[in-house]
Amino acid sequence: MKRVTLVVALAAMSTFVAGTVSAQTLKTVKDRGALVCGVSQGLPGFSTPDDRGNWTGLDVEFCRAIAAAIFDDPSKVKFSPLSAKDRFVALTSGNIDVLSRNTTWTLSRDAAGMNFAGVNYYDGQGFLVRKALKVNSALELNGASVCTQTGTTTELNVADYFRANKMKYEVIAFSTADETVKAYEAGRCDVFTSDVSQLYAMRLKLTNPNDHAVLPEIISKEPLGPVVRQGDDQWLDIVKWTFAAMINAEELGVTSKNIDEAMKSDKPDVRRLMGTEGNFGEQIGLTKDWAVRILKHVGNYGESFERNVGSGSKLNIDRGLNKLWSKGGLQYAPPVR
Ligand SMILES: N[C@@H](CCC(=O)N[C@@H](CS)C(=O)NCC(=O)O)C(=O)O
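Residues numbered from 1 in each chain as written. Predicted model: local features only at pLDDT ≥ 70, side-chain atom pairs only at ≥ 80, totals over all residues. Heavy atoms only, no water.

1. Quick notes on the nonpolar core
Here comes step 1: One finds Leu35, Trp235 and Met274 to be the most contacted residues of the largest nonpolar core, which totals 75 residues.
Here comes step 2: The dominant element in this core, judged by the number of residues it contributes, is helix H9 (residues 233-252), at 11 residues.
Here comes step 3: Beyond its immediate sequence surroundings of up to four residues, Leu35 is in contact with Val29, Cys63, Ile66, Ala67, Phe71, Lys76, Val77, Lys78, Asp97, Val98 and Trp235.
Here comes step 4: By size, the runner-up hydrophobic cluster in this structure holds 14 residues, among which are Val135, Ala138, Leu141 and Phe162. (Core = buried A, V, L, I, M, F, W, Y, C linked by side-chain atoms within 4.5 Å. Buried < 20%, exposed > 50% of the residue type's maximum accessible area, 1.4 Å probe, protein only. Helix = DSSP H or I, 4+ residues; strand = E, 2+ residues; numbered from the N terminus. Contact = heavy atoms within 4.5 Å.)

2. Quick word on the sheet that holds strand E8 (residues 125-130)
Here comes step 1: As summarised here, the arrangement of the 5 strands in space is E10-E9-E11-E8-E12, forming an open sheet in which the pairing is mixed. The open sheet has two free edges, formed respectively by strand E10 (169-174) and strand E12 (212-214), since each of these has just one partner strand. Looking at each pair of strands side by side, their axes are set apart by 30 degrees on average, direction ignored.
Here comes step 2: With 3 bridges joining them, E8 and E12 adopt antiparallel strand pairing. From the neighbouring strand, Leu128 faces E12, where its bridge partner is Val214.
Here comes step 3: In this fold helix H7 (residues 177-185) packs onto E8, strand E9 (144-149), E10, strand E11 (191-195) and E12, with an angle of close to 160 degrees to the strand it touches most, E9.
Here comes step 4: Sitting on the sheet, helix H8 (residues 196-203) is in contact with E8, E11 and E12, with an inclination near 125 degrees to E11. (Pairing = 2+ DSSP bridges. Axes fitted to C-alpha atoms, helices over the stretch in contact; angles between N-to-C directions.)

3. With respect to H8
Here comes step 1: The buried count for H8 comes to 6 of 8 residues, which makes it a mostly enclosed element.
Here comes step 2: Among all positions in H8, only Val196, Ser197, Gln198, Leu199, Ala201 and Met202 are buried.
Here comes step 3: Residues of H8 that are buried in the fold lie against strand E7 (121-123), E8, H7, E11, E12 and strand E13 (222-224).

4. Overview of the state of the cysteines
Here comes step 1: Under the definition given, this model contains 2 disulfides.
Here comes step 2: Note that Cys37 is cross-linked by a disulfide to Cys63, the S-S spacing being 2.0 Å. On the sign convention where negative is left-handed, the bridge of Cys37 and Cys63, at about -65 degrees about the S-S bond, is left-handed. One end of the pair, Cys37, is in strand E1 (residues 35-39); the other, Cys63, is in helix H3 (residues 58-71), with 26 residues separating them in the sequence. In this structure, Cys37 and Cys63 share a single accessibility class: buried.
Here comes step 3: Disulfide pairing is shown between Cys147 and Cys189; the S-S distance is 2.0 Å. (Disulfide = S-S within 2.5 Å.)

5. Some words on the site of the ligand
Here comes step 1: Neighbouring the ligand are 20 residues; Gln41, Asn102, Thr104, Gln149 and Asp195 lie closest to it.
Here comes step 2: The separation between an oxygen atom of the ligand and a polar side-chain atom of Asn102 is 2.7 Å.
Here comes step 3: Contact distances for the ligand include 2.7 Å between a nitrogen atom and a side-chain N or O atom of Thr104.
Here comes step 4: More than half of the atoms of the ligand fall within 2 Å of the grid points belonging to the largest pocket.
Here comes step 5: For the shell around the ligand, the secondary-structure elements that each account for two or more residues are E11 and H8.
Here comes step 6: Counted by class, the shell around the ligand contains 5 nonpolar, 11 polar and 4 charged residues. (Near = heavy atom within 4 Å. Polar contact = N/O pair within 3.5 Å; in protein donor to acceptor, adjacent residues only side chain to side chain. 1 Å grid on protein atoms, 1.4 Å probe; cavity = no way out; pocket = protein on both sides within 12 Å on 5 of 7 lines; lining within 4 Å. Sits in = over half its atoms within 2 Å of the grid points. Nonpolar A, V, L, I, M, F, W, Y, C, P; charged D, E, K, R; others polar.)

6. Quick look at the environment of Lys30
Here comes step 1: Turning to its location among the elements, Lys30 is positioned in helix H2 (residues 25-32).
Here comes step 2: When near neighbours in sequence (up to four residues on either side) are disregarded, Lys30 contacts Ile70, Phe71 and Gly285.

In structure tokens, the structure reads:
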């Protein structure tokens, strides 16, 4: 009986020690003077380097928002480009602090030592085809060869879809996006399948984007969001509330442009977000003005969406499911209270 108690006590102690030892990410980031953010190897609109090596995109701006919240400086980020296959090991082994790379939230990923901090893009899988093929529906793809990327949810969904619709297909999988798109362009497959946002992004990389069309069928749910390692609850909170601040700001009408007026607002919700009332940022290890820093340097969710993937971008994607809940979409953040 005594031994059992001792074993239980030791187990509880080691959990506590492990918890405190791993609850270090914020300190590590501060000591290093920069956040290390895992991104894609080049996906226009989400994370892509320009000619001078500056990273841009929705996922990139989210990394900048975390850096802004911590350092009041959105440039304090080191970007680590990762293939779909390598991204999770990079996170669980501690090579990156956060993964912000068009990654679908699934049960098995949650169970594999990771935590998703929210959904910054509600997506679904689709198909890209040459218009010359004269295919109008995915249900006409019987016998098609399908290009896709390894290490993604894409491969499983395509198998489910063709099986459910009793269609034959051949998968040709590549380890990088560039190889996949090149193979499609070279005619090695009839169809390119991925999350629809990524189809629009990759279409821009083709020689004649207008010769290709995205078919209407959406065959899966792909809630994409930032991911952290399990075991550091404070860090999970920081990443989660950085995103929630961007959504709440949009809902409250606070933007990078009117932030100075918002600082003088007497609306209670705005005051709590700005830190002119309460100490909310301090409760998660940041400063009172954490959200002001995010909004000043990056902006709210709507600003970031439109600039990178929406109407202000080459992708020109409709906000659709990514509208705020109050405008008929799914984007909804818990309140700062
Ligand atoms: N959301 C899916 C797919 C993610 C994915 O990696 N898609 C490819 C398709 S284009 C991509 O983004 N590649 C960019 C890269 O490897 O840098 C997942 O989490 O598995």
